[in-house]
Each structure stands twice: as structure tokens, then as C-alpha cells.
Amino acid sequence: MRIANLSGRLTLVLGERAVDVHDASGHRFPADPQAIYEQWEEFRAWAGAADLGDAGRHFDAADLGAPAPAPRQLFAIGLNYREHVDEAGFTQPEDMPPVFTKFVSSITGPLSDVVLPDGGHTDWEVELVAVIGKAARRVREADAWDHVAGLTVGQDLSERVLQMSGPAPQFGLAKSYPGFSPMGPTLVTPDELDDPDALELTCSINGEEVQQGSTRQLIFPVPALIAKLSEVLTLFPGDVIYTGTPAGVGLGRTPQRWLQPGDELVSSIHGIGELRQRLLPA
């Protein structure tokens, strides 16, 4: 199953058609895309049994928003690919990866314009994003996929000047400028994917590939992240987890490279889709 946020309304995506869930369910389910995660299991059962026939309409990708636009919690994981650990100059985490938060106001949809902060060095980080579908507290790794509603593509844009300022890094703040957390284009349930633990990620700038990796290389895969996070806190339905980025970010290059006004940033995951961000001057 693939769901989308189409013009602010929860939508089932059936090939090239979009079916409005609120209308098709006889108003049983909300139009608000974020609200559906509180009824995820009931919704999945309905969607699996619903006879939608030729229902739906063609849609414009420009009207898509983030599939989880207003989570209670938005987590981001650092240093979760070995080659990225090396390029960043850190030691590989053993028991728990670095965890920080991105602020919800930074979330945007899959096609967007992002204004570059004045005087900053803005970097790119393509990431697999997991959205929680069932509350998780002290969940075993073997059971963790049962708590995932679906997967989507994310881009963890990062302003490195602010991030590296001060006596300690400003991870959350530097990664939360407006538009710095695009997600989409749809949320894909794990059963739609041949292997949700082995997904190919790429990122390009103006057609030049700058990142290529696979979630097979994750130090802490999605189930491990859910188990470790839920040991400390409760993960709520609709919460979002950015799972980390492979090597190839601008910070780790010689010379270092930053996004520039006019750049087009494309982030993709095979089997899920792609994001496109156009970078604008301050």
C-alpha cells in the first residue's frame, strides 16, 4: 500500500490514480494525513479489503505534501553508515548511535523550494525515513517491523556553520531551517518492497551523483533503531525517524562542497520514489 498527502488530504495511491480516503471510506477515516496513524491497523484492514475499482483521479506531483506532516516526535540518527563515519572523522558507534531531533516546522513535501540561510554552508544527506504506525515501548528488535507504518524518502539538510558553532554541536537547530526536512513522495508499507532492509539510496546535484548507498550498510537497521529508541522512550503513532545517511556529504569532501543558489537536489530510494528541492538565495 502507498499513501500520500495530496493537497493536505489523506490519499491512497493506486498506480497513477489517487483515491481520497475520507470520501472513499464514507467518512470513516479522517482527511488529515497525520491523524490516520492513530487508526493505522484499522485503516490497513479497510484498505486491504476495499473494492475501489476504477476510483480515483490522476494527480499532479506538485500537490504532494509530506506523508507525516506533523509528528509528535521527529528523530534523526547520526553516524549510521560506516563510510560516513569515516568521512566525518568519528569513531563507529557500538551500542547506540547519536540521536538528535529535527524540529517539526522544518518538514516539507517532496517538491519544494528551500531558501539557503545567509552566510551558511548547507549540506545534503539522503536518508531512509520510517514512520511509526503502532506505539512502541521496550519493543524487541524481532518485533519492530510490526510497529512501522511505512517508509519514505527523506533529505536531512544541514547548515554546517551553525552546526559547528559554540562549545558543542548544534545538530537539531542547524538541521531545522524552513524546508530542511523534506519527505515523500509517498509512504510505502514494508510489504510492498522486495526487501525493506536492502534499499538503494542515491542523491544528485544538478544531475551529478554525490551519494550512493544501500540500507544493507546501516550499522543500526530500522528494527534495531526502534528497539533502542523504545527502550528509552515511547514512540507514538505518526512519529518519524530519519535513519542516517551514507557517505558522500559535502562536509566530508576535499575541498568541502556546499549547496548553491540555483542547484537542484534530487534524493531517491529505489522502490519508494524521489524528492526534488530547488535551492534559492537568502
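As a reminder, the structure under discussion sits directly above these lines.
Keep in mind it's a predicted model, so treat the numbers as computed, not measured.

About the cut-offs
- Residues numbered from 1 in each chain as written.
- Predicted model: local features only at pLDDT ≥ 70, side-chain atom pairs only at ≥ 80, totals over all residues.
- Heavy atoms only, no water.
- Core = buried A, V, L, I, M, F, W, Y, C linked by side-chain atoms within 4.5 Å.
- Buried < 20%, exposed > 50% of the residue type's maximum accessible area, 1.4 Å probe, protein only.
- Helix = DSSP H or I, 4+ residues; strand = E, 2+ residues; numbered from the N terminus.
- Contact = heavy atoms within 4.5 Å.
- Pairing = 2+ DSSP bridges.
- Axes fitted to C-alpha atoms, helices over the stretch in contact; angles between N-to-C directions.
- Phe/Tyr/Trp six-rings, centres within 6.5 Å; stacked < 30°, edge-to-face > 60°.

K.L.:
Describe the nonpolar core, naming the residues involved and giving the relevant values.
P.N.:
Leu 151, Ile 226, Leu 235, Ile 241, Leu 259, Leu 265 and Ile 272 are the most contacted members of the largest nonpolar core, which totals 43 residues. For this core, the secondary-structure elements that each account for two or more residues are β6 (74–77), β11 (126–132), β12 (148–155), β15 (200–205), α6 (222–232), β18 (264–269) and β19 (273–280). Among the elements that line this core, the one with the most residues is α6, at 5 residues. Setting aside anything within four residues of it in sequence, one finds Leu 151 in contact with Leu 128, Val 129, Ala 130, Trp 145, Thr 186, Leu 187, Val 188, Leu 193, Pro 196, Leu 199 and Ile 272. Formed by 27 residues, the second largest nonpolar core is a distinct cluster that contains Val 19, Val 21, Ala 68 and Ala 76.

K.L.:
A description of the sheet that holds β15 should follow, citing residues and the corresponding values.
P.N.:
Strand order in the open sheet made by the 5 strands is β9-β19-β18-β15-β16, with mixed pairing throughout. Looking along the sheet, the strands with just one partner apiece sit at the ends: β9 (111–115) and β16 (208–214). Going from strand to strand, the sheet's axes swing by 15 degrees on average, the running direction of each strand aside. Here β15 runs beside β18; their pairing, made up of 5 bridges, is antiparallel. Within β18, the position partnered with Leu 201 by the bridge is Ile 269.

K.L.:
Hey, could you go over the packing of aromatic side chains for me, with residue numbers and the actual values?
P.N.:
With the rule as written, the count across this model stands at 7 aromatic pairs. Ring geometry for Trp 40 versus Phe 43: centroids 5.5 Å apart, planes at 55 degrees, classification tilted. Here Phe 43 and Trp 40 lie together in helix α2 (residues 40–49), a separation of 3 residues that amounts to about one turn. Residue Phe 43 is classed as buried on the basis of its relative accessible area, which comes to 0%.

K.L.:
Break down the environment of Ala 66 for me, with residues and values.
P.N.:
Tracing the chain through its elements places Ala 66 in the loop between β5 (64–65) and β6. Setting aside chain neighbours within four positions, we find Ala 66 in contact with Asn 5, Ile 107, Thr 108, Gly 109, Pro 110 and Met 183.

Bear in mind that shape data such as this cannot, by itself, settle questions of function.
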